Amino acid sequence: MTVPSRGTTPGSPDEASAEDRDGAVAEESAAVAVAGADAAAEPESDADAAEDAEDAAEDSAEDGTKSAEDAAAQLSEAEEEIAAQRELRARIAQRKAEKEGPIPAGTKLSGQAADLLAAVRAMESGQAAPPAPVAAPVPAQDRPRAPEPVRTAAVAAETAPGAVAAVGDVLVEGGAPRTLAAPVTAALGEQAGDALREDPWLLLSVPGVQPEQADGFARALLGDGCGPGDERRAAALVGWLLERAAVRGSTALAYPQVRAALAERSVPDPDEALRHAVAEGAVLMFQDGAVPAEEGTEDEEGAADGPAVPVLLGLDRYALAEESLADGLARLVKTAQEASWDEAAAQAPSPSAGELIRAVAGHGLVVHTGGEAARAEPVALAEAARTLGLRPVVAAHSENGRHRLGAGAVTVAGLLSGTEGPGRDADGALDLDLLVVLDAPQLDVETATVLVESLPDGARLVLSGDPGVLWSAGAGRVFADLLAARVCPQIASRTPDPGPLGELVSGIGIGELNQVEAPGKEVVIVPVRDAGEAVHRTVQLVADSVPRAIGVPSGQTQVITVGHAGAVGTRALNAALKERLNPGPGRFGGFDPDDRVAYVPAPGRAVMASVVSADAAGLRLDCDGLPVVVPRELVESVVRHGWALTAHQAAGMRWPAAVVVLPGDAAQALNRPWVYTAFSRGERHLSVVHGVDQALAQAVTGIPAADRTTRLRSLLEGLLTPAV
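Residues numbered from 1 in each chain as written. Predicted model: local features only at pLDDT ≥ 70, side-chain atom pairs only at ≥ 80, totals over all residues. Heavy atoms only, no water.

Participant: Tell me what's going on with the nonpolar core, and back it up with residues and numbers.
Facilitator: Leu171, Val184, Leu262, Leu435, Leu461 and Leu482 are the most contacted members of the largest nonpolar core, which totals 86 residues. It is helix H10 (residues 231–247) that provides the largest number of residues to this core, a total of nine residues. If near-sequence neighbours (up to four positions away) are discounted, Leu461 is found in contact with Leu329, Leu332, Gly364, Leu365, Val366, Leu435, Val437, Val452 and Leu455. Grouped together as the second largest cluster of nonpolar side chains are 37 residues, Ala658, Val660, Trp674 and Ala699 included. (Core = buried A, V, L, I, M, F, W, Y, C linked by side-chain atoms within 4.5 Å. Buried < 20%, exposed > 50% of the residue type's maximum accessible area, 1.4 Å probe, protein only. Helix = DSSP H or I, 4+ residues; strand = E, 2+ residues; numbered from the N terminus. Contact = heavy atoms within 4.5 Å.)

So, in structure tokens, the structure goes:
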């Protein structure tokens, strides 16, 4: 296995500086082997494997009150977006209203909850599970139209100062810091003080608060009146477990998994705790895909044929979002009118584009897969639809992706907010006939729900993306579930990404880390021994080697690393890069004019920007020509330096050059989708600062994506027949 040797950076004279001679990029190598570099790297602590959302939770645990406020500010907009959908709120209220009332602990459950609990116990004992009733889905065409979503500006929750002060008094009485008062009030409302006195474990609803902290708070307030078996504690723990699972991408958890987690938290009777949580409506119970057993389907020992269907627990927020999304997709499938676009398909620029046009002509929902070069195919589809007199819209996940598509494209966020795209018709639906969504793997379940329910009956939807990249930062795996369900046509592009980078990334997508020929210095490895050297080499690459040898300016080179924390996380790298590229005192809350920043207006969506100035209104940014003012109180939570990003932040964006940093402690955070995403962010050049030894090859060949528990696939399979 060939590894570039350390030597003089191409383009520099023989009398290059000691820094260059000591370890500059060996870009003169014509053949660059990415696999198995002989970099000495000692394994260290676990890296930040869960990326942005998980980083926020971990940071808040470490940093205490400040991160809790930050996380609450970020969470509010995501909650507002789904809460703005009146139809979803109505369904939640209706479901809770249908309950006859709270069921005291120890009382037997009735109806579907009791049936599902019986199914859990039957499966665990090896007996035949009793038939589980499956509610009939609402016909797609009868579903009410979701109104236009209301997107509020990212501002701090406006609450009465007296309410925050009262909450602060309760927090101090319980031994918690008063600075938590604002996020607690934002999470629980203006009556949060009274609510906390009644149920101290409600503190767990604030992002970043850990069970141990909530337990200590409860003991301080209640004294001997609380214990590990307190029903309030158990209900709060169930919610906390499910919210934590959502941070990692799951919309539900298996019943045995939640029960085991409660037992680990010293809940004396986890089954009783879960019965109470279900009865109180704190959590919902599901057994999607279960069908009543028919006579003759059991063998002599009484075991039902086929695999057992797991019982899942989920929160209203994600459960109803997935149900609404499945219903909305089914509505599009059933209301689309078949058409003939053969002439347009014959004039398509490529066979794959023609195949996509024919598929969309006959179906209301189509999935399209491919890499960067394949993005031209859905764009060709939109152009063909426009020539046919239809109203197509092409949407991307990020501003970066929108710019790569050219004039006329929009972002998903801009389309939903009404700031971009065609607007809404009289019924509140998007005024279009065809919606093409690129970077579809980045759609979380809540955003996808809002998007689909905004489409009118008869509209066509194409979800296009690269199935090899990281899934959404938010909960769900919409694109992967739709692919797995096979309920609509799936068009796989036959257009490969060109050049050495395309060859390298294509191999990673199928689990192979191949040696590629790179005569134009498209791929380069820089071996490093430790974290300090990794930071040093990264700064050298961005500031000197890549601009000089490749011709890509520093402002067009993006650094990607495994997480925010750590010696080679985004914080450390951004500090070093700022010192070299734009030194300054950070007089605007740590920022200076011309600083490169990542602005996160909503969880999971990073917008690249540069700092212009700051005044009483807040921090002024230039987001690709669009001026944005971030309120002063939100700067710390939604703006970070952006010379270095995580792979999740970078998904859906590309730059002329990318520098991927893999320090020794990153080994346990790597998997194939992470490597695939990070390595495919560079258009012309990729440098790999390599300190993980054989862990890189092992991640590509043997570590797939971390699994997520979701319900969308089974819901779709119950509503639609498999596509031919």
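Participant: Report on the sheet that holds strand S13 (residues 557–561), specifying residues and quantitative values.
Facilitator: The strand order S12-S21-S20-S13-S19 describes an open sheet built from five strands, whose pairing is parallel. This sheet does not close on itself; its edge strands, each paired only once, are strand S12 (523–527) and strand S19 (644–646). Sheet twist, expressed as the mean angle between neighbouring strand axes with direction ignored, is 25°. Where S12 meets strand S21 (residues 682–690), five bridges bridge the pair, whose relative direction is parallel. Bridge pairing in S21 links Val524 to Ser687. Against the sheet, helix H23 (residues 570–581) engages S13, S19 and strand S20 (655–662), with an angle of about 165° to S19. (Pairing = 2+ DSSP bridges. Axes fitted to C-alpha atoms, helices over the stretch in contact; angles between N-to-C directions.)

Participant: So what's going on with helix H12 (residues 270–279)? Residues and values would help.
Facilitator: With 10 of 10 residues buried, H12 lies mostly within the body of the structure. Taken residue by residue, H12 has Pro270, Asp271, Glu272, Ala273, Leu274, Arg275, His276, Ala277, Val278 and Ala279 as its buried positions. Of the residues one or two after H12, Gly281 is the one with positive phi, at around 80°.

Participant: Describe unusual backbone geometry, listing the residues and the values that go with them.
Facilitator: Despite not being glycine, Asp439 shows a phi value in the positive range, around 60°. By the secondary structure assignment, Asp439 is in the loop between strand S8 (434–437) and helix H19 (445–453). Overall, the relative accessible area of 12% leaves Asp439 in the buried class. With a phi close to 55°, Asp693 is a non-glycine residue in the positive phi region. Among the secondary structure elements, Asp693 is positioned in the loop between S21 and helix H27 (695–702).

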